[in-house]
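Take a look at the letters that make up each chain.
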Amino acid sequence: MSRKNLIVFASGSGSNAEKIIEYFNDGSLAKVSLIVTNNPCAKVIDRAQNHGVDHWVIGKSDLSDSKFIEKLNSVNPNLIVLAGFLLKIPEEFIRAFEGIIINIHPSLLPKFGGKGMYGRHVHEAVISAGEKISGISIHFVNESYDEGKIISQFSCAVKENDDPDSLASRIHSLEHEHYPKTIEKLLLNGSV
Ligand code: GRF
């Protein structure tokens, strides 16, 4: 049986994208066949190149463009994985890839989700609210920011002396550990 195709979308560093590439590299279940980014300077491009994975740089309007959607469809993705992708996913794109787009969010949704809640902003808000626990949420993507069905959540402590950077680093470790495994489970369960 041929390996399932993962397409990872990322706008910045791409450390999650790289963990996913590495996790599936040695196995027979799946492979990251393509990285898509909206940022021509993103570090994720170097990471993709280091692993010999193709990348495409796209513009915002591509996501709702039928020609782009067709081109992406021709890669036959089994799963589209958003990992730090900052553009809003338009309805046309969601309809075209219904049920096979997932995202990771660095908080325990529905807390600290929605427009403007990304990266450092999330951790600042968690600390300002005096939360004792934070974590990550992996969820399907629908038209509303961070509101799609939750697939899995994992938590960690917010320590008394945490600043947004120290919390971000704990959250990143959690993401690196669980995003690839959650993707593997989805693929094995046959739900995508
Ligand atoms: C992660 O914290 C993820 O939860 C969020 O964006 C960040 C991306 O980090 N959506 P990286 O680019 O994978 O290092």
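Residues numbered from 1 in each chain as written. Predicted model: local features only at pLDDT ≥ 70, side-chain atom pairs only at ≥ 80, totals over all residues. Heavy atoms only, no water.

(A) The arrangement of the overall build of the chain in detail. Broken down by element type, the chain carries six helices and seven strands. Its helices and strands in sequence order give the chain the pattern β-α-β-α-β-α-β-α-β-α-β-β-α, from N to C terminus. Computed over the C-alpha atoms, the radius of gyration of the chain is 16 Å, within 12% of the 16 Å expected from 2.2 N^0.38 for a compact globule of 192 residues. When the backbone C-alpha atoms are referred to their principal axes, the chain occupies close to 50 × 35 × 35 Å. Looking at the 192 residues of the chain, the share that counts as buried comes to 48%. Looking at the chain as shown, the accessible area adds up to about 9600 Å², and 48% of this sits on carbon and sulfur atoms. Of the charged side chains in the chain, 20 are positive and 23 negative, and the gap between their average positions amounts to 2 Å. (Helix = DSSP H or I, 4+ residues; strand = E, 2+ residues; numbered from the N terminus. Rg over C-alpha atoms; globule rule 2.2 N^0.38 Å. Buried < 20%, exposed > 50% of the residue type's maximum accessible area, 1.4 Å probe, protein only. Areas by Shrake-Rupley, 256 points an atom, 1.4 Å probe, with all protein chains shown as cover. Lys, Arg positive; Asp, Glu negative; His and termini not counted. Charge placed at Lys NZ, Arg CZ, Asp CG, Glu CD.)

(B) Fine view of unusual backbone geometry. For the peptide bond that leads from L109 to P110, omega is 10°, which places it in the cis range. Among the secondary structure elements, P110 is positioned in the loop between β5 (101-105) and α5 (120-128). In this model, N76 sits at a positive phi of 55°, which is unusual for a non-glycine residue. Along the chain, N76 falls in the loop between α3 (66-73) and β4 (79-82). Judged by its relative accessible area of 53%, N76 is exposed. Of note in this structure, F112 is not a glycine but carries a positive phi near 60°. Along the chain, the position of F112 falls in the loop between β5 and α5. Accessibility expressed as a relative area gives 18% for F112, which makes it buried.

(C) Looking closely at the pattern of salt bridges. Summed over all chains, the structure comprises seven salt bridges. Measuring nitrogen to oxygen at the nearest pair gives 2.8 Å for the salt bridge that ties R120 to D165. Placement of the pair is R120 in helix α5 and D165 in helix α6 (residues 164-189), with a sequence separation of 45 residues. R120 sits in the partly exposed class, given a relative accessible area of 44%. What makes D165 partly exposed here is its relative accessible area of 48%. Taken together, the shared-partner salt bridges connect R120, E124 and D165 into one network. (Salt bridge = Lys/Arg side-chain N within 4 Å of Asp/Glu carboxyl O.)

(D) Representation of the nonpolar core in the model. Within the largest apolar cluster, 36 residues are counted, with the highest numbers of intra-cluster contacts made by L6, I35, I102, Y179 and I183. Sorting elements by how many residues they give to this core places α6 first, with seven residues. The contacts of I102, once residues within four sequence positions are left out, are L79, I80, V81, L82, I138, H139, F140, V141, I151, Y179, I183 and L186. Judged by nonpolar contacts, the second largest core, of 21 residues, contains F93, I94, F97 and I100. (Core = buried A, V, L, I, M, F, W, Y, C linked by side-chain atoms within 4.5 Å. Contact = heavy atoms within 4.5 Å.)

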